Every structure is written in structure tokens, then in C-alpha cells.
Amino acid sequence: MEEELKCPVCGSLFREPIILPCSHNVCLPCARTIAVQTPESEQHLPALLHPRGTAAPAPTPAPATPGPPGGSAAPLDPECSAGGGGDHADKLSLHSETDSGYGSYTPSLKSPNGVRVLPLVPAPPGGAAAAAAAAAPRGAVPSPSPGPGPVGSSLTCPQCHRSASLEQRGLRGFQRNRLLEAIVQRYRQGRTAKCQLCDRSPAEPAAVLCEQCEVLYCAACQLRCHPARGPFAKHRLAPPPGQPGPPGGEGKGAGGGRKPATCGEHELEQYSMYCLSCRSPVCYQCLEDGRHGKHDVKALGAMWKQHKAQLSQALNGVSDKAKEAKEFLVQLKNLLQQIQENGLDYEACLVAQCDALVDALTRQKAKLLTKVTKEREHKLKVVWDQINHCTLKLRQSTGLMEYCLEVIKENDPSGFLQISDALIKRVQVSQEQWVKGALEPKVSAEFDLTLDSEPLLEAIHHLDFIQMKFPVTVPPVPLLQLEKCCTRNNSVTLAWRMPPLSHNPVEGYILELDDGDGGQFREVYVGKETLCTIDGLHFNSTYNARVKAFNSSGVGPYSKTVILQTSDVAWFTFDPSSAHRDIVLSNDNQTATCSSYDDRVVLGTAAFSKGVHYWELHVDRYDNHPDPAFGIARINVVKDMMLGKDDKAWAMYVDNNRSWFMHCNSHTNRTEGGVSKGATVGVLLDLNKHNLTFYINGQQQGPPAFENIEGVFMPALSLNRNVQVTLQTGLEVPQCVKQPKLPSN
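Think of each chain on its own: its residues are numbered from 1, step by step along the sequence as written. Per-residue local features of the predicted model are confined to residues with pLDDT of at least 70, and side-chain atom pairs are confined, for both listing and counting, to 80 or more; whole-chain, interface and lining totals are unaffected and use all residues. With hydrogens and water stripped out, all remaining heavy atoms of the structure feed into the side-chain values.

Enquirer: Which residues make up the overall build of the protein, and what values do they have?
Expert: Regarding its fold elements, the protein presents 10 helices and 37 strands. Exposure is judged per residue with a 1.4 Å probe applied to protein chains only, and the accessible area is read against the type maximum: over 50% gives exposed, under 20% gives buried, and values in between give partly exposed. Going through the 745 residues of the protein one by one, you find that 35% of them count as buried. In the protein, once contacts between residues fewer than 6 apart in sequence are set aside, the share between residues at least 24 apart is 63%. We get accessible surface area from the Shrake-Rupley algorithm with a probe of 1.4 Å; when it comes to residues, only the shown protein chains can shield them. When the accessible surface of the protein is totalled, it reaches about 45000 Å², and 54% of it is carbon and sulfur. What counts as a helix is a DSSP run of H or I of at least four residues, what counts as a strand is a run of E of at least two, and both are numbered from the N terminus. Here, two residues are considered to be in contact whenever any of their heavy atoms come within 4.5 Å of each other.

Enquirer: Break down the packing of helix 8 (residues 300-409) against helix 9 (residues 413-433) for me, citing the residues and quoting the values.
Expert: Relative orientation and spacing of two packed helices are given, respectively, by the angle between their axes and the distance between those axes. Working convention: axes come from line fits to C-alpha atoms, limited for helices to the stretch in contact. Angles between N-to-C directions cover 0 to 180 degrees. The N-to-C vectors of helix 8 and helix 9 enclose an angle of 155°; their axes lie 11 Å apart at closest approach. In terms of axis orientation, helix 8 runs roughly antiparallel to helix 9. The interaxial crossing formed by helix 8 with helix 9 has left-handed handedness. Side by side, helix 8 and helix 9 meet where Lys393, Gln396, Ser397, Leu400, Tyr403, Cys404 and Val407 of the first sit next to Phe416, Ile419, Leu423, Arg426, Val427, Ser430 and Gln433 of the second. Residue classes in the contact of helix 8 with helix 9 are distributed as 8 nonpolar, 4 polar and 2 charged. Geometric relationships in this document are graded by angle, where less than 35 degrees denotes roughly parallel, more than 145 denotes roughly antiparallel, 65 to 115 denotes roughly perpendicular, and other angles denote oblique. Crossing handedness follows the turn of the near helix against the far one: under a right angle anticlockwise gives a left-handed crossing, and clockwise gives a right-handed one. Gly is put with the polar residues, along with every residue not named as nonpolar or charged; the nonpolar set is Ala, Val, Leu, Ile, Met, Phe, Trp, Tyr, Cys and Pro, and the charged set is Asp, Glu, Lys and Arg.

Enquirer: Mind laying out the sheet that holds strand 31 (residues 666-672), listing which residues take part and the relevant values?
Expert: Strand order in the open sheet made by the 6 strands is 26-36-28-29-30-31, with antiparallel pairing throughout. What marks the edges here is a single partner per strand, and that holds for strand 26 (600-603) and strand 31. Each strand axis lies, on average, 20° off the axis of its neighbour in the sheet, ignoring direction. Bridge count between strand 28 (residues 629-633) and strand 36 (residues 714-719): 5 bridges; the pairing is antiparallel. The residue of strand 36 that forms the bridge with Ile632 is Pro715. Here, any two strands with at least 2 DSSP bridges between them count as paired.

Enquirer: I'd love a proper account of the nonpolar core, names of residues and values included.
Expert: Residues Phe608, Trp615, Leu617, Leu685, Leu692, Leu717 and Val725 are the most contacted members of the largest nonpolar core, which totals 39 residues. Taken together, the elements giving at least two residues each to this core come down to strand 25 (591-594), strand 27 (612-622), strand 28, strand 29 (649-654), strand 32 (680-686), strand 33 (691-696), strand 36 and strand 37 (723-728). The element that contributes the greatest number of residues to this core is strand 27, accounting for 4 residues. Think of a nonpolar core as a cluster: buried Ala, Val, Leu, Ile, Met, Phe, Trp, Tyr and Cys residues, connected wherever their side-chain atoms sit within 4.5 Å. With 23 residues, the next largest nonpolar core counts Cys7, Leu155, Cys157 and Tyr187 among its residues.

Enquirer: Before we move on, could you go through the sheet that holds strand 9 (residues 208-210) and cite the residues and values that matter?
Expert: Spatially, 3 strands are ordered 10-9-11 in an open sheet, and the strand pairing comes out antiparallel. Where the open sheet ends on each side, the last strands, each with one partner, are strand 10 (215-217) and strand 11 (237-238). Looking at chain direction, strand 9 and strand 11 are connected through 2 bridges and run antiparallel. From the neighbouring strand, Cys210 faces strand 11, where its bridge partner is Leu237.

Enquirer: Give a detailed account of the pattern of salt bridges, specifying residues and quantitative values.
Expert: When a carboxyl oxygen of Asp or Glu is within 4 Å of a side-chain nitrogen of Lys or Arg, the pair counts as a salt bridge. All told, the structure shown has 12 salt bridges when counted by the stated rule. As a salt-bridge pair, Glu406 and Lys409 come within 3.6 Å of each other at their nearest N and O atoms. Taken as a pair, Glu406 and Lys409 lie in helix 8 at a separation of 3 residues, close to a single helical turn. You can call Glu406 partly exposed: its relative accessible area is 45%. We note a salt bridge from Asp623 to Arg621, for which the minimum N-O separation is 3.6 Å. One network of salt bridges, in which partners are shared, links Glu512, Arg546 and Lys548.

Enquirer: So what about the packing of aromatic side chains? Which residues, and what values?
Expert: Only centres within 6.5 Å qualify two rings of Phe, Tyr or Trp (six-membered ring in Trp) as a pair; their planes then separate them into stacked at under 30 degrees, edge-to-face at over 60, and tilted for everything else. All chains considered together, the criterion is met by 10 aromatic pairs. Centre to centre, the rings of Phe572 and Trp615 are 5.9 Å apart; their planes meet at 80°, and the pair counts as edge-to-face. Taken as a pair, Phe572 in the loop between strand 23 (562-565) and strand 24 (583-586) and Trp615 in strand 27 lie far apart in primary sequence, 43 residues in all. Exposure remark for Trp615: the relative accessible area of 2% places this residue in the buried category. Judged by centre distance (6.0 Å) and plane angle (45°), the ring pair of Phe661 and Phe706 falls under tilted. Note that Phe661 is positioned in strand 30 (residues 658-663) and Phe706 in strand 35 (residues 706-707), a separation of 45 residues in sequence. We note that Phe661, like Phe706, is buried. Linked through ring pairs, Phe539, Phe572, Phe608 and Trp615 together constitute an aromatic cluster.

Enquirer: Any details on a nonpolar patch on the surface? Residues and values, ideally.
Expert: Patches were defined on residues exceeding 30% relative accessible area and lacking a salt bridge, with like-charge contacts within 9 Å and nonpolar side-chain contacts (Val, Leu, Ile, Met, Phe, Trp, Tyr) within 5 Å. A surface patch of nonpolar side chains, about 440 Å² in accessible area, is lined by Phe328, Leu329, Leu332, Leu335 and Ile339. One can find Leu335 in helix 8. Looking at Leu335, the relative accessible area reads 40%, which means it is partly exposed.

Enquirer: Explain helix 9 to me, using residue names and the numbers behind them.
Expert: Helical periodicity: at 3.6 residues per turn, an α-helix aligns residues three or four positions apart in one direction. Each residue after the first adds 1.5 Å to the expected span of a helix. Over its 21 residues, helix 9 extends 30 Å from the first C-alpha to the last, a length consistent with the 30 Å expected when each residue adds 1.5 Å. Along helix 9, the sharpest change in direction is near 40° and occurs at Ser420. What helix 9 keeps buried is the set Ser420, Leu423 and Ser430. Residues of helix 9 that are buried sit in contact with helix 8. We define the bend at any residue as the angle between the axes fitted to the seven residues before and including it, ending there, and the seven starting there.

Enquirer: I'd like a rundown of the pairing of strand 25, residues and numbers included.
Expert: The two faces of strand 25 match: Thr591 and Thr593 on one face and Ala592 and Cys594 on the other face are all buried. A loop of 4 residues connects strand 24 with strand 25, the two strands running antiparallel in sequence, and Asn587 in this loop sits at a positive phi of about 55°. Examined bridge by bridge, strand 25 and strand 37 share 2 bridges and lie antiparallel to one another. Across the sheet, residue Thr591 finds its bridge partner in strand 37, namely Thr726.

Enquirer: Hey, could you go over the side chain of Ser718 for me, with residue numbers and the actual values?
Expert: Topologically, Ser718 is positioned in strand 36. Distance and chemistry together define a polar contact, namely a pair of N or O atoms within 3.5 Å, with one atom able to donate a hydrogen and the other to accept it when in protein, and with adjacent residues in sequence counting only for side-chain atoms on both sides. At 3.1 Å, the side chain of Ser718 and the backbone nitrogen of Leu643 are in polar contact. Apart from residues no more than four positions distant in its own chain, Ser718 is found in contact with Arg600, Val601, Pro628, Ala629, Met641, Met642 and Leu643.

Here it is as C-alpha cells:
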């Protein structure tokens, strides 16, 4: 709200606010500073601004002109700008060029606060300046009579920049906004000034302001840092800003102690009527003077209530819009978060794609290097083979040559002729081995491998995002979020998302699950959510799940199949939502008792339709030999009588000596052995064999109680206020049990 209470000119809280014809407000001192002269072609200013009781300053021979661009306008009298000017500053007047009270001239210069202003110029003779001189005290020197010049002035609203002409009464012609003034005063009092010397955080509220030191002190800091002795004794201490002064001072509270508003033209008359034509409150004197005589008027109180109702109605609309704006801001903040998350996803996907390209290039590089290595090794092998072969032949030829030379040196003709034929043949054969090409390399040193990388480089240079609208096709394959998929008891939870760079819209998803035995898939969820929990599955079963997305173009492909294993044993508690209202649960819904003497039924939170399940109930309290009943029931069992009396429950009820099986109010298989405090009752439900067996303290009570039971069953118990039991679940099926007791006759 503080922005509504600040003057648009000075930026501070309003001081003596007045209402401009455009309905905006401005401080009266600020209005004096922004009152401007209009050009000669429009209006004329009758007098200069000057304090009451002083002569107007003498004009300069040359007319005043604006300074250089960007400079400030010629300042007004300091007292006037501070709000201390007299009637002359309030009686600047001129005619508007229209009846609406608004001028069309827009001054060209700007003051530092953004309001357009013009410098003042001398006033013409015979105008209001002469009246001001006449009103000056005796001995004051009247100002010389200036030449012709502008004789009008106006006020430009600093918010809408509409110019309003000043009437005969000048600034006093504008109504004073007493309501805004009172609100500002309440707001000032509501603000607590803080001590400027406190070491504490936050600082203590200020108690006084030293006008000489210009420092705010709390009570403790005043005693410590500003004692009322020595040089500080002459300092004047005042209340902090925003707090009322001492009793009897000028400060008034914001309560109902304000004086009633009086008429601006008739200061002794209070406002009593409202002029509909002028849209302003008036007094009876205004009506008698004739100015508002022909105007439609209404009682001030009635119009006050009517306008309050209109404002309240308008506020309702603004309140609705503000509520919508808050929701829109929440939407925008969610959009920011979504943009942030999507940006991170896209960055991660881009990095992954670029890394994949780099990996593919690295793999291809390795393949190409392998080819180069193989080619090099092949060439080296061929050259080395040639070297070895040529070296061997060269050694053989050299040896033969040396031997033949030694033979030629011998002088024994008969001995020479004995071996000459053989040597000649050997030399000829050796010569024939050096055939054409034998002394030429079989491979060249050049590698006939040229890597064609230009297409790839061209593709890399053109690698960019596709900024276009893609045609709507079926959605891509959803990605299962395996880290969020889990199982609990006989429930499974699956989560999935779409690929981050998917451009095709998604209208919903279809989640499919098989029957736990590898059978056909069936739809278990269709909707827009990406997280789904399926309850009521079989325990100790393996389920396959898959999901696909769809839109207006059709259904997309299936995701990968995820395999989920439900719990081997059941963990559950008593169900408070379906229990009889007399049932009292505690210990995280593990312990049950009853507030009634009648038997009441409570069910478990698990439901069984398949498998073998076992749970126990420990008797914590057993008074006055009641007959609690333990067993199973369907969801719609009657809960205000003993378990087993209707056809929706199968139970064993027991006292302190014997037990009976009961279904449809039929009692069978009475067996010796009851319960007491500390006893344990076990219930074994075998839905593979479709029977139900009971145990007391580990001993089976007769043969299986019921045969051929099929369907969906929930653990059940009935008891009254004399019994309290605690449920124990998550137990393995007992492998060895004592021999069952036979039913007694």
C-alpha cells in the first residue's frame, strides 16, 4: 500500500494532498513547484511567485528563456517550494481553453522528477503583481512594472500529463484530500522507527529523535549514549517520525478526533450535500450563492454510503482479479520450474546425443585405425619376407660364386672336368632364379587409403536444432522410470515419462498388466497421470506391466515390459475406515478393542484371493469370559453382530474352555481348548486348497474348519469391550503343527 501513499513528484509520503481534476493526487508544496506558465499565444501569468509580505523581484530586461537541453528549470522561491508561501502562490490563475478545465499545452523541459516545467517570466503591469505590491508591508519597495508577457499558468499532472488550468483561487481551488491525509497519518503512526545505535538484531524501537544529532535512540541507548547532561543537555529530543507528539501538541491521531471537513470556499461551513453535476461535496452556503443552485444535489451521508457500496462492489471485482493474478503467478512460477527442468532435460539429452556422436566417431576411428594397422603390418610382412628371401638367395649365389672361383684356380684338368658340368648347371640354375621382378618390391610405401570425411564435417557444421512445427503423429515409446517402480504387499506402483525431445503431443496413457500367471494383458489404467498404483493383486505373484501413449493421431508403441514381484507374505493392519464405530484401534492400528458390550466387527486392510496366508492374534486382555471370533469375511459383512452369524463370514468363536466354527449362524465342530490372557490364535487361509484352519497356542483346532471357499476375503475379528487383541502379520506359513484336537461330543 505504501506506493499508493507516495507523491508522484517528490516520492515521499503525501503532505497536504490535493485532488487534481484528473482524480490524481499531489502534495500541495509539490503542486507549487510544478505550477507552470503557458505560452503567450494561450494564456498570461498575472504575477510572479513570491512570499507573502515581500516585494516581487525586479525583472530582468531580457525575457527568461529555458536553459540548455537537459538542464533544470529556473527554481521557484524556496519558501513556496517548501510549502511556506503565501496567497500569491495559491492564486496563480488563467482560463482553460476548454470548459473541461484541461489545457493542451505540454511543456518541453523535464525536471529531475520527470514532471515537465517551464521557467518563470516577469508579470505584466497592472496584474496580480500590482496587487501583491499593494498588499506588501509598508516600506517595501514595489517591483518595477515589466513589459507585456504571459499572463496565465497551469498545472500538469505528473502521472497522466494532463494540464489543468488554475481557477481564480489558484491551488486553493483544488479540493484537499483529507481522507488520504488521514490514511497517511495512520500509516506513519503504524511504522515503528528503529534505534540507530542498537547492537541487537533486530534493533529496538526508537523512543526519541535528537534534532541536533539527527539520530534515533531507544531508551537504553539514550541513557548510555545521549545523557541529559553536559553538552547534550541543550539538545532537543522529539518523538520519532510516525509517532504523535506529546499531549497538547499539534499532532492528531488517526482516530475519530479529526475535525469535520469544512467547505473550501466557505471555511465556516461544513460539507452537508453532494453536487452530482460537479461531483464534489458542497455546503448550504454554496447552494444559496447560486453556483450549485440548478445542480442536482443529494445528502452527503446518502451519497457516502452509495459510493462506499459502489467501491466495495468494484473491490470485489478487483479481488477476483487479484486472486486470478495470484493463481497466474503460481502458474508462471510452475512454468519457471518446468522450463528449468525441461532445460536441464534438454541439456542432458543434448550432451547425451553429442556424447553418442563422439562415441560413434571414436568407435569408427578405432575401426579405421585397425584397418590402417592391418595394412601397415601386411606391407611390412611382405617386405620382410622379400628381404629374407633375397638375402637367402644372395648368400647362396655368393657362396656358389666363391666356390666356382676357387675351382677355376685349380690346375688339375682331370679333376676340373669331373665337376665342371655340374657346376655349370648349378650356376645356370642360380642365374635363372633371379627372374624379372625378383629384384622389385612387391608393395609400395604409399597407403592406398583415403578417408572421405567431407560429408561428415558438412553434417557436423549443419548440426542444429530443428525450429519447426512437426506434423502430429502417434506419440513415441514411453520410458519406464524403474527407480520409481516398486511393490508393497499386493500392490504395485509404476512410473513413466516421455522422452525429453519428443515433439508429438500426448493426450493420455494406457497401462496394461497381466494376470500374474503369464496370461493376457488387460487395461488397468487410462489417463493423463504418469504414476499409477494398482491394489488388490495376488501375493507371491509375478506381474508383467507395460504402458503406451495415445493422442488424436492414434496409439503409440508399447514401452518395455517391467516385471514386478508382489510380497511373499502379507503385512497389514486393522482397517479403521471400514470398522464399526464402536471399535477402538491403537498401536498404529495393530491393536483392537471395543467400547460396547455387544460384539462388533473389524476387518484387515489386506484382501486375499489366491495363495496361502497366515496371521496371528495375541490376546492382550480377556475379562468375564467373552466369546471373541476370529476368521475371514467379505467386504460387505454385517459389523454389528458376532462374526459368522451371516453368510459373509467364516469364523471360529472361542471362550475360556472350548471353540466352535460358525458360518450362517450354524455352529459346528466344538473342540476343547479355550483362550485366556496371553493366548495366541492363528488363522491359516489356504486358497489353493480352498480351506480355512485355526490354531490356539500352536495347536490345530480340529480338521480344516471350512472347505470349498472361493472369492476375495479379508481378515476379520469380532469382539466386545472385555477383550483386547494385537495383530501380528508378515508371518511364514507354519510347517509343523501339533496334532489337531478331535471335536468333542
